[in-house]
Amino acid sequence: MARKKPLTLYRNIGIIAHIDAGKTTTTERILYYTGRKHQIIDVHDTKDGKGSTTTDYMEQERKRGITIQSAAVTAEWKGHQINVIDTPGHVDFTIEVNRSLRVLDGAVVVFDGVAGVEPQTETNWRLADQYKVPRICYVNKMDRIGASFAHCVKGIRERLGANALLCQVPLGSSDEFVGMADLVAGVGYLWASDDKDSVWETVPLDEIKARLTFGASADNAWIADLPKLRQDLLETALALDDDAFERLLNTGEFDPAVLKQCIRRGTVTGELVPVLCGSSYKNKGVQQLLDAVVDYLPYPGENGGIAMVDEDGNVIGEQVVTDDAPARALAFKVINDQFGTLTFCRIYSGVIKKGDTLLNVTRGKKERVGRIVEVQADDTREIDEVRAGDICAFVSMKDTETGDSLADPAHPALLERMRFPDPVISVSVEPKNRNDVDKLSSALYKMVKADPSLKLEVDQETGQTVLKGMGELHLEVTIDRMRTELGVEANMGKPRVSFREAFGKTVEHTYTHKKQTGGSGQFAEVTMIFEPGEPGSGVVFSDEVVGGRVPREYIPAVEHSVKAESQEGQVAGYEVVDFKARLIDGKYHDVDSSALAFEIAARQCFREAQKLSKPKLLEPIMHLEVVMEADYLGDVIGDINRRRGTVSDQGHKGSSAFVQGFVPLAEMFGYINFLRSATRGRGTFTMEFDHYEDVPAGMVEKLMEKEAK
Ligand SMILES: Nc1nc2c(ncn2[C@@H]2O[C@H](COP(=O)(O)OP(=O)(O)OP(=O)(O)O)[C@@H](O)[C@H]2O)c(=O)[nH]1
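Here the structure is a predicted model, which is why all the values come from computation and not from measurement.

1. Structural notes on unusual backbone geometry
Of note in this structure, Lys78 is not a glycine but carries a positive phi near 50°. Mapped onto the elements, Lys78 comes out in the loop between β2 (71–77) and β3 (80–86). Under the relative-accessibility criterion, Lys78 is labelled exposed at 57%.

2. A look at the nonpolar core
One recurring pattern in soluble globular proteins is that nonpolar side chains are buried together. In this structure, Phe149, Ile156, Leu166, Val169, Leu238, Leu259 and Val275 are the most contacted members of the largest nonpolar core, which totals 85 residues. Broken down by element, this core gets its largest block of residues, 7 residues, from helix α11 (residues 286–296). Excluding its chain neighbours within four sequence positions, the residues that come into contact with Leu166 are Phe149, Val153, Arg157, Leu183, Trp222, Leu229, Leu233 and Val275. The next biggest cluster of nonpolar side chains, apart from the first, holds 49 residues, and it includes Ala443, Leu475, Leu633 and Val636.

3. A word on the environment of His652
Positionally, His652 belongs in strand β36 (residues 646–653). Those residues in contact with His652 that sit more than four places away from it in its chain are Ala630, Ala657 and Phe658.

4. What about the sheet that holds strand β24 (residues 414–415)?
An order of β13-β12-β24 is seen for the 3 strands of this open sheet, with the pairing classed as antiparallel. Of all the strands in the sheet, the pair left with one neighbour each is β13 (315–319) and β24. The pairing of strand β12 (residues 306–309) with β24 spans 2 bridges and is antiparallel. Counterpart to Val309 in the pairing with β24 is Leu414.

5. Remarks on the confidence of the model for the protein
When pLDDT is averaged across the protein, the result is 85; 90% of the residues are at 70 or more. Residue range residues 44–51 is modelled with pLDDT below 50. Its contacts to residues more than four positions away, or to other chains, number 13 contacts. Scored below 50 in pLDDT, residues 61–70 shows 48 contacts in the model against residues more than four places distant or in partner chains. If you check the scores for this complex, the pTM reads 0.72 and the ipTM reads 0.97.

6. Regarding the packing of helix α12 (residues 437–450) against helix α13 (residues 472–486)
α13 packs onto α12 with a crossing angle of 110° between their chain directions and a minimal axis gap of 10 Å. Relative to α13, α12 is oriented roughly perpendicular. You can see that α12 and α13 cross each other, and the crossing is right-handed. Contact residues: Leu440, Ala443, Leu444, Lys446 and Met447 in α12; Thr478, Arg481, Met482 and Leu486 in α13. Broken down by class, the residue content of the contact of α12 with α13 amounts to 6 nonpolar, 1 polar and 2 charged.

What counts and what doesn't
Residues numbered from 1 in each chain as written. Predicted model: local features only at pLDDT ≥ 70, side-chain atom pairs only at ≥ 80, totals over all residues. Heavy atoms only, no water. Helix = DSSP H or I, 4+ residues; strand = E, 2+ residues; numbered from the N terminus. Buried < 20%, exposed > 50% of the residue type's maximum accessible area, 1.4 Å probe, protein only. Core = buried A, V, L, I, M, F, W, Y, C linked by side-chain atoms within 4.5 Å. Contact = heavy atoms within 4.5 Å. Pairing = 2+ DSSP bridges. pLDDT = per-residue confidence, 0-100. Axes fitted to C-alpha atoms, helices over the stretch in contact; angles between N-to-C directions. Parallel < 35°, antiparallel > 145°, perpendicular 65-115°, else oblique. Left-handed = near helix turned anticlockwise from the far one by under 90°. Nonpolar A, V, L, I, M, F, W, Y, C, P; charged D, E, K, R; others polar.

Shown next as structure tokens:
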């Protein structure tokens, strides 16, 4: 069967922003205006427990009012199929944004018109840069008191470094926000009311001023400048087309279709970032935003295909987005709910039908395609086939995890993998009810499978199950979700920092393992050099033995033993990272040597060498940004210094102040409580992992004492 809708009529977009900028509200309006939903339920209402928005369907989302789970929803607009992924704003869930960006073709970045560019917007913006995702900026909440389009645009230009192209400017702000000037079409839109079905009147640009009755606040200065702003837009956009640009300069004329093509080309290549405005809550600007998604964001493949890699991750080719190629898809999210496993995939090429068999190339396992569903948040619709460019979920796949490549078994190919950060914080987890041990481990396994920024370990000494993640909230939410989604209740221990250890200097060391027990004995000797490596270089083993002084068959035992032992360092039992272990010499005995003897010798050699190397303890350092009223700035900075932090930037944004800096995670537990009391509940902060750093010499014991409590 041929394709029903050409690829050019598809848009796979993400909605990304800082927490509370209005992503969920905007997604809800998109669903309303595209006719998928007939009643608007506001986030305001759900926080009061009055209803449920389509994307915030999980209980704890309603409770916390933040979108934890990103959900993919499908909508139709002017003949286009728009797949929207709503992503959470909280930094502990960056992973959600990360994996969405990997499979999307374009993004709408939502700003709170009052707050402007916020820390998480910056983080997400940089991620979108990394994945080269074309963007449109939508300055939301123009109806709020204090909204300033000018301030927001300044932030987009200066803090994000974007070549912002003003395609719209607001007409009025806060309760005077009545519409917008569309600089591309050269007209203004004035809404009759805030009602969701309110219509707008289209007014010529030069009549706008006369129609507006409100005063000249700073953010209304635009209104006097509309003709100039339009000229700026024309010149910036048409500069991408030599002929059109020349015509504009010589005659003042241009073809509106060419103007849109230029904006589209500039957006797709990342040279331009169109800026729009509106108020999703007051139902203004969402239809225009949808128009811009269709007009300016790329269709699947317009911006190139997806990289294919070899087993070491080296790029070996590109898969073009087309139906006429073997099936290739990337799993970007796995959700377990009461109906089983949903594996969300982006199809890059080919056609996949119900009943097909695919190869999970990453794991070398076959997967049968049972049911295929298109997802409209908590509502799913079954479909028979999916094609290049589609986003869908496969039901009941067994072995596929986030980041895995699926392909036609006759044409396997690995697609570029997603990168996930290592977790920096851990908690011990035990079942509330003693009989639930098995249920808990299977639930934890499911959670970890669905979220690659979680890790599960067993503490060697205590035998406790340890869950590792990206932040306190991340772990709390995971435990909460196990309860609500899988019905397993668990108790969490105290959150602990994932410290690491490293060799302090290069050490050469020999260890002889000799044991005589009755008959046969044990004998092995190894001489090894341990060298500290660059951050991120990992554990590298090299066999440099000459003349068979350690027989070949025992070398894997040495390597295995060093790697296993590096999981528990000599400073305080943390993983030892980034070193090179060189096996340079050794001795053996014809009768008494064995793999086990060499394993023991290597283990002891590693332990003693690490102790001799003046080992270092490393701790995760977080990037922190705090926003508060200016009066509290001094207290907040003083506190950062007390927590062994450093301030990298500080300043004022309107009546509020901000401070940025770096702080050790070990000093940051419960920071929210400090901030609440120090700022009378008005301060907010975001924090994310930045890098590992040596713990200062005098602090190691103190920290370890604190950890032991
Ligand atoms: N005044 C005003 N409030 C808005 C607007 N859009 C959203 N809000 C409100 O802002 C709050 C946050 O909106 P959400 O849509 O939940 O924001 P979000 O970005 O999805 O938040 P997270 O999912 O928690 O990251 C809610 O109380 C919304 O009603 C707007 O245009 N104007």
